[in-house]
Amino acid sequence: MESFKLKIKNKNLRVGIIGLGYVGLPLAIRFVQEGFRVVGFDTDENKIEQLSRGESYLQHIDNQEILSISSEKFTATSKFKLISKIDAILICVPTPLGAHNEPDLSFITGTLKNIKPYLKENQLLVLGSTTYPGTTEEIIATSISSIQIKNNINNNYTKKKSKNYVQKLKVGKNFYLGYSPEREDPGNKNFSTKTIPRVVSGVTENCLSLTKLLYDQIVDQTVPVSSTKIAEMTKILENIYRSVNIGLVNELKMVAEKLNIDIFEAINAAATKPFGFTPYYPGPGLGGHCIPIDPFYLTWKAKEKGIRTRFIELAAEINAKMPFYVERKISEALNAQGKSLKGSKILILGLSYKKNIDDCRESPSLEIINLLLDRGVNVSYSDPYFPNFPSIRKYNFNIKNIKLSPETIKSFDILVLATDHDSFDYDLLHKDSKIIIDTRNRFKNDKKIIRA
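Residues numbered from 1 in each chain as written. Predicted model: local features only at pLDDT ≥ 70, side-chain atom pairs only at ≥ 80, totals over all residues. Heavy atoms only, no water.

J.: Explain helix α2 (residues 24-33) to me, please; I cannot follow it from the model alone.
T.: For the α-helix, the turn length of 3.6 residues means that residues three or four positions removed from each other point alike. With 9 of 10 residues buried, α2 lies mostly within the body of the structure. Of all the positions in α2, only Gly 24, Leu 25, Pro 26, Leu 27, Ala 28, Ile 29, Arg 30, Phe 31 and Val 32 are classed as buried. In the stretch just after α2, Gly 35 is the one whose phi turns positive, near 100 degrees. (Buried < 20%, exposed > 50% of the residue type's maximum accessible area, 1.4 Å probe, protein only. Helix = DSSP H or I, 4+ residues; strand = E, 2+ residues; numbered from the N terminus.)

Next comes the structure, spelled out in structure tokens:
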């Protein structure tokens, strides 16, 4: 273990990062920036080819940043046999939901299956994917403890040739296992992988010590906790906190509408209180890879223990209904003009789940489009980050990306601001539109603007 620590401190350690998406790629960049040799693993050959050409496939990471790490310090591959040459293995794969909102750990278990033949003594494996409390110990530690490895030894007494003996990997003794959840926020210019404090944990004290020391090399602050379960709970707690508070203000938005109150003005006024209040803002629903999904990991685990998480589930239910609320506001606006939803022309502004990024995972924009198409609406969209409509498992629509101009804007019955990208020309949108359904409080109140 001491030699392992020395390798970390001297940066002679070879790091392997499995999953080169929104979490794994920034992590790889940070390790290279600090002088470590990094091998990035991914099953997507297109990503590997782009990285080998020095090209980025993430909008918030430019090509220059990729080119700066494309040297002898970084390689990308789909060949998991290279795991045998890695010292520290960091798993950053997705953890989506199944058809019935149950945890889908297939990416984690699939990764374990791919790397198990190549694991060896004195490696450190750290899971970074969001998951329910207990995953690291119940799934990964159990899997590792079943691995048998062969070592060659020399018999000094009989002077025979070397022979093989079988030994099991033992977590905390000859193999180390930790958990450190991701805290990435793509597009946030105030925080980066380096400056966001990193929660670290280990199955044993030795595991925690190595995990903390490794992340100490690339982040300004590590936050050690006493078990992997606590670290797993910490990550889910962070996102449930946001989900519940967003659910609260989404419900208050609907109440405020009936009372003829501007909920955004009320929230901003409340935010002037210097203690006891954190502002959250309503919107068209939840999106992204964390907040709409992570709470269900805990509700599933709680049900396993006979506990019903009613508060968490209610917030998720409210947030999931917000696209329907937006659809109703569109229908009401058309009715006021003597028009129906069917056959109307609607332009959705923004596909991303939040502004200024090229990520539309779980975006409420997609569900709004889905609802409108089901009602016979002629739907188009405009989003500078998606020249073509992305192919997504749940949503795969043949709709066009519209270039905004006075003529195209005037041709639509309603514009729906679903994602408030800073690159939109809001003066142009306001001037030439008939009606705007504003779900993000981007426009000032007037006769054209309808809050939703």
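Next, the rest of the story.
J.: Whenever I open this one, the environment of Lys 9 confuses me. Can you help?
T.: By the secondary structure assignment, Lys 9 is in helix α1 (residues 2-9). Given a relative accessible area of 53%, Lys 9 falls into the exposed group. Between the C-alpha atom of Lys 9 and that of Gly 21, which follows or precedes it by 12 residues, the distance is 27 Å.

J.: What's the story with the nonpolar core in this structure? I'm lost.
T.: A general feature of soluble globular proteins is that nonpolar side chains tend to end up buried together. Counting residues in each nonpolar core, the largest one holds 79 residues, and the members touching the most others are Ile 17 and Phe 31. Residues contacting Phe 31, with those up to four places away along its chain left out, are Val 15, Ile 17, Phe 36, Val 38, Leu 90, Leu 214 and Ile 218. The next biggest cluster of nonpolar side chains, apart from the first, holds 29 residues, and it includes Ile 330, Leu 334, Leu 366 and Leu 372. (Core = buried A, V, L, I, M, F, W, Y, C linked by side-chain atoms within 4.5 Å. Contact = heavy atoms within 4.5 Å.)

J.: What should I look at first to understand the packing of helix α11 (residues 310-336) against helix α12 (residues 364-374) in this one?
T.: The relative placement of two packed helices comes down to the angle between their axes together with the axis-to-axis distance. Packing of α11 against α12 brings their axes to within 9 Å, and their N-to-C directions diverge by 50 degrees. For the element pair α11 / α12, the angle class is oblique. When you trace α11 past α12, the crossing you get is right-handed. The residues of α12 that touch α11, namely those facing Pro 323, Phe 324, Val 326, Glu 327 and Ile 330, are Pro 364, Glu 367, Ile 368, Leu 371 and Leu 372. (Axes fitted to C-alpha atoms, helices over the stretch in contact; angles between N-to-C directions. Parallel < 35°, antiparallel > 145°, perpendicular 65-115°, else oblique. Left-handed = near helix turned anticlockwise from the far one by under 90°.)

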